[in-house]
Amino acid sequence: MSSMKSLAKDTAIYGLSTIVARFINYLLVPIQTARFAASGGEYGVITNVYAYVSILVILLTFGMETTFFRFMSRDGENPQRIYSTTLRMVAFTSLASIVLVLSFLHPIASAAGYADHPEYVGVMFVTVAIDAFMAIPFAYLRYLHKPVKFATLKILNILVNITLNLLYLIVLPKLRLNLFGIYDADFTLDVAFVFYINLVCTLFTLLLLGKELRGFGHGFDRAACRRMLGYTWPLLVMGVAGQLNQAASQILFPYLYDGSVEEAREQLGIYGACIKIAMIMVMITQAFRFAYEPFVFGKSKDKDNRETYAKAMKFYVIFTLLAFLAVMAYIDVLKYIIGETYWEGLRVVPIVMAAEIMFGVFFNLSFWYKLTDRTIWGAYFSGIGAVVLIAIDVVLIPRYGYMACAWAGFVAYAVSMLLSYFIGQHYYRIDYPLKDISLYVVVAFILFGFMRAAADWPVVASLAFNTLLVLGFVALIVKRDLPLRSLPVIGKYFQK
């Protein structure tokens, strides 16, 4: 139980900071969607470019975060040498990739569809290469169980980003102040400036990691490097394939959409803005991952580890379903996060949120092959999911537009999740409480159906009704799995 409390504590810190950071980051959405209307397609450019970024981060870190935790916990390894070796490996790949991309910037930009704006590609690639490198010192903070510093740096990065976006996209144009001559006569601003701001924020965060970067001084272990590469390459394949499940649709959409480039960017911008509302599920999964990954490897030798993993899965599903219902209950309020010209795409939100729940389950299941050093299976599962997603995109995007993107992700995550579960039970059996989990899934689905039925009611009545449904789900959780007497502080008031 103490280990579960430790996991809960770290998850709470990571979770709170992630939620705060994501909430602050959400402010970019109303700022950018207010500045760039859907019809202009600029937000579609942002969505498309950041889709490439998400894949590049995986390529440039090449699974070294998970590999780092695995080798730091192995008997016989020198943790400081492992950290230094990891830093040097990722620093080399990041620097080499920057040189390579800048040397061939124009042909790469043309292939991505930005022949007239190679600066989009150049600026964002430099940014993502630095971000990939910083993933290792941030992983080191997690290894040292320093969630407060980790969270502080992440939040500072986003605060600076928000401030600069607000200043240059909204405030200065309103005041008609053309500082540094960045605006034209009509105070319009090229979307590239959003990418320049991101680069400034990344460099700022790198400076604040100075203490962690001293780890370079512990040398380079060639033998450890070879062992780490042998462990990590399947994780790289798995990571790229897994991220394709999230980003491939945004990358492929401009090529597959049956319409002009401008219309494709407009539609992609609508999809990209609306899925931001669904990203609360990404917040929860990411917060859980930050705490769970070092926790799992640290507990791998305990006798009750499998029982703990099963409990963690159950509570992950319960609280992500609660988050799903909360978002859908208040979608009429949350939609104001994005500009009104983007609201037509809100129908993708429940589909994308459900897909993200399955991705989180897949992440929980993934530890069977990480703990047994069968990481190649992760590559198989993610690769199959990516193939399914791309196939659905290719066939359905020309006909159904961005709705095909949402359903492609849903099906792809479902396939990867089910494959990992059934094969994992053969190699590393864990008795997950499937009956309890299924009960919560069925109840959540029924409550969501009631919410959809009430969608045409007056807003106040719909919100009140949905609130009662969410409270009903909370009551079920308290009744079955989280009795009030078990909670800290307030629990003493419910003791028999």
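Residues numbered from 1 in each chain as written. Predicted model: local features only at pLDDT ≥ 70, side-chain atom pairs only at ≥ 80, totals over all residues. Heavy atoms only, no water.

Undergrad: Just to check I follow, could you spell out the overall build of the protein for this structure?
TA: Helices and strands together make up the secondary structure of the protein, namely 20 helices and zero strands. Split into buried and exposed, the 496 residues of the protein put 53% on the buried side. For the protein, contacts bridging at least 24 residues in sequence account for 82% of all contacts bridging at least 6. When the accessible surface of the protein is totalled, it reaches about 22,500 Å², and 67% of it is carbon and sulfur. (Helix = DSSP H or I, 4+ residues; strand = E, 2+ residues; numbered from the N terminus. Buried < 20%, exposed > 50% of the residue type's maximum accessible area, 1.4 Å probe, protein only. Contact = heavy atoms within 4.5 Å. Areas by Shrake-Rupley, 256 points an atom, 1.4 Å probe, with all protein chains shown as cover.)

Undergrad: What is the right way to read the pattern of salt bridges from this model?
TA: Here the structure, examined in full by the defined rule, presents four salt bridges. Lys314 is paired through a salt bridge with Asp436; the nearest N and O atoms lie 3.2 Å apart. Of this pair, Lys314 sits in helix H13 (residues 305-329) while Asp436 sits in helix H19 (residues 434-453), placing them 122 residues apart in sequence. When its relative accessible area of 22% is taken as the criterion, Asp436 is described as partly exposed. For Asp431, the salt bridge is made with Arg429, and the minimal N-O distance between the two is 3.1 Å. The pair Asp431 / Arg429 is uniform in exposure class, with both members exposed. In this structure, a network of salt bridges that share partners links the residues Lys314, Asp436 and Arg480. (Salt bridge = Lys/Arg side-chain N within 4 Å of Asp/Glu carboxyl O.)

Undergrad: What is the right way to read the nonpolar core from this model?
TA: Most often, soluble globular proteins keep nonpolar side chains buried together rather than apart. In terms of nonpolar packing, the biggest core is built from 136 residues, with Phe195, Tyr271, Leu325, Ile338, Val348, Val349 and Phe473 touching the most fellow members. When sequence neighbours within four positions are dropped, the list of residues in contact with Ile338 reads Val29, Thr33, Ala273, Cys274, Ile277, Trp343 and Leu346. Listed in part, the five residues of the second largest apolar core include Ala248, Leu389, Ile392 and Ala412. (Core = buried A, V, L, I, M, F, W, Y, C linked by side-chain atoms within 4.5 Å.)

Undergrad: Mind showing me how you'd approach a nonpolar patch on the surface here?
TA: A contiguous nonpolar surface patch, about 280 Å² in accessible area, is contributed by Leu156, Leu159, Phe204 and Leu208. At the level of secondary structure, the elements contributing two or more residues to the nonpolar patch comprise helix H8 (147-175) and helix H9 (192-208). (Patch = residues over 30% accessible without salt bridge, like charges linked within 9 Å, V, L, I, M, F, W, Y side chains within 5 Å.)

Undergrad: Would you explain the environment of Gly472 in this entry?
TA: One can find Gly472 in helix H20 (residues 459-480). Separated by 25 residues in the primary sequence, Gly472 and Leu447 have C-alpha atoms spaced 9.1 Å apart.

Undergrad: Would you mind showing me how to read the packing of aromatic side chains here?
TA: Remark: the centre distance and the inter-plane angle together describe each pair of aromatic rings, the angle taken between the planes. Inspection of the entire model under this criterion finds 27 aromatic pairs. On the basis of an interplanar angle of 10 degrees and a centroid distance of 3.9 Å, the ring pair of Tyr83 and Tyr140 is categorised as stacked. Here Tyr83, found in helix H5 (residues 79-103), pairs with Tyr140, found in helix H7 (residues 118-143); they are 57 residues apart in sequence, far enough to count as distant. Its relative accessible area of 1% is what places Tyr83 among the buried residues. Each residue in the set Trp368, Trp377, Tyr380, Phe381 and Tyr427 is aromatic and connected to the rest through ring pairs, giving one cluster. (Phe/Tyr/Trp six-rings, centres within 6.5 Å; stacked < 30°, edge-to-face > 60°.)

Undergrad: Can you walk me through the environment of Ala323 in this structure?
TA: Inspection of the secondary structure puts Ala323 in helix H13. Judged by its relative accessible area of 9%, Ala323 falls in the buried class. For the pair Ala323 and Met281, spaced 42 residues apart in sequence, the C-alpha separation works out to 7.2 Å.

Undergrad: Please clarify how the side chain of Asp393 should be interpreted in this entry.
TA: Along the chain, Asp393 turns up in helix H17 (residues 376-400). Comment: no salt bridge for buried Asp393; closest opposite-charge side chain is Arg347, at 14 Å. With residues near it in sequence (within four places) discarded, Asp393 still touches Ala248, Ser249, Leu252, Leu256, Pro398, Ala404, Cys405 and Ala408. (Lys, Arg positive; Asp, Glu negative; His and termini not counted.)

Undergrad: Would you mind going over the packing of H19 against H20 with me for this structure?
TA: Pairs of packed helices are described in terms of their axes, by the angle between the two and the distance that separates them. Two numbers describe how H19 lies on H20: the axes approach to 10 Å, and their chain directions differ by 170 degrees. Compared by their axis directions, H19 and H20 come out roughly antiparallel. Where H19 approaches H20, its residues Asp436, Leu439, Tyr440, Val443, Ala444, Leu447, Phe450 and Met451 are matched on the opposing element by Phe465, Asn466, Leu469, Val470, Phe473, Leu476, Ile477 and Arg480. A class-by-class count of the residues in the contact of H19 with H20 yields 13 nonpolar, one polar and two charged. (Axes fitted to C-alpha atoms, helices over the stretch in contact; angles between N-to-C directions. Parallel < 35°, antiparallel > 145°, perpendicular 65-115°, else oblique. Nonpolar A, V, L, I, M, F, W, Y, C, P; charged D, E, K, R; others polar.)

Undergrad: So what exactly am I meant to see when it comes to the packing of helix H4 (residues 64-72) against H5 here?
TA: One can describe the packing of H4 onto H5 by two numbers: an axis separation of 10 Å at closest approach and a directional angle of 165 degrees. With respect to each other, H4 and H5 are oriented roughly antiparallel. Of the two possible hands of crossing, H4 and H5 adopt the one that is right-handed. Contacts between H4 and H5 involve Met64, Phe68, Phe71 and Met72 on the former and, on the latter, Pro79, Ile82, Tyr83, Thr86, Met89 and Val90. (Left-handed = near helix turned anticlockwise from the far one by under 90°.)

Undergrad: I keep staring at H9 and nothing clicks. Help me out?
TA: Residue pairs three or four apart in sequence face the same way in an α-helix, which turns once every 3.6 residues. The end-to-end C-alpha distance of H9 is 25 Å, a good match for the 24 Å that 17 residues give at a rise of 1.5 Å each. Listed as buried for H9 are Ala192, Val194, Phe195, Ile197, Asn198, Leu199, Cys201, Thr202 and Thr205. Elements that come into contact with the buried residues of H9 comprise helix H2 (28-35), helix H3 (42-61), H7 and H8. (Expected span 1.5 Å × (residues − 1).)

Undergrad: How do you make sense of H7 when you look at a structure like this?
TA: Compared with the 38 Å implied by 1.5 Å per residue over 26 residues, the 38 Å span of H7 between its first and last C-alpha is a close match. Taking the largest bend as the criterion, H7 deviates by roughly 25 degrees, centred on Ala135, and proline Pro137 comes between one and four positions later. Of all 26 residues in H7, 23 are buried, a share of seventy percent or more. At the C-terminal side of H7, His145 shows a positive phi close to 55 degrees. (Bend = angle between axes of the 7 residues up to and from the residue.)

Undergrad: For this particular structure, what's the right way to read the side chain of Ser416?
TA: With respect to the secondary-structure elements, Ser416 resides in helix H18 (residues 402-427). Excluding residues that lie within four positions of it along the chain, Ser416 makes contacts with Asn245, Phe362, Phe381, Ser382 and Gly385.

Undergrad: Hey, could you run me through the confidence of the model for the protein in this one?
TA: Fine structural detail should not be taken from predicted coordinates in areas where pLDDT scores are low. Here the protein shows a mean pLDDT of 82. Residues at 70 or above account for 85%. The spread of mean pLDDT over the elements of the protein runs between helix H1 (residues 2-26), the lowest at 57, and H19, the highest at 94. (pLDDT = per-residue confidence, 0-100.)

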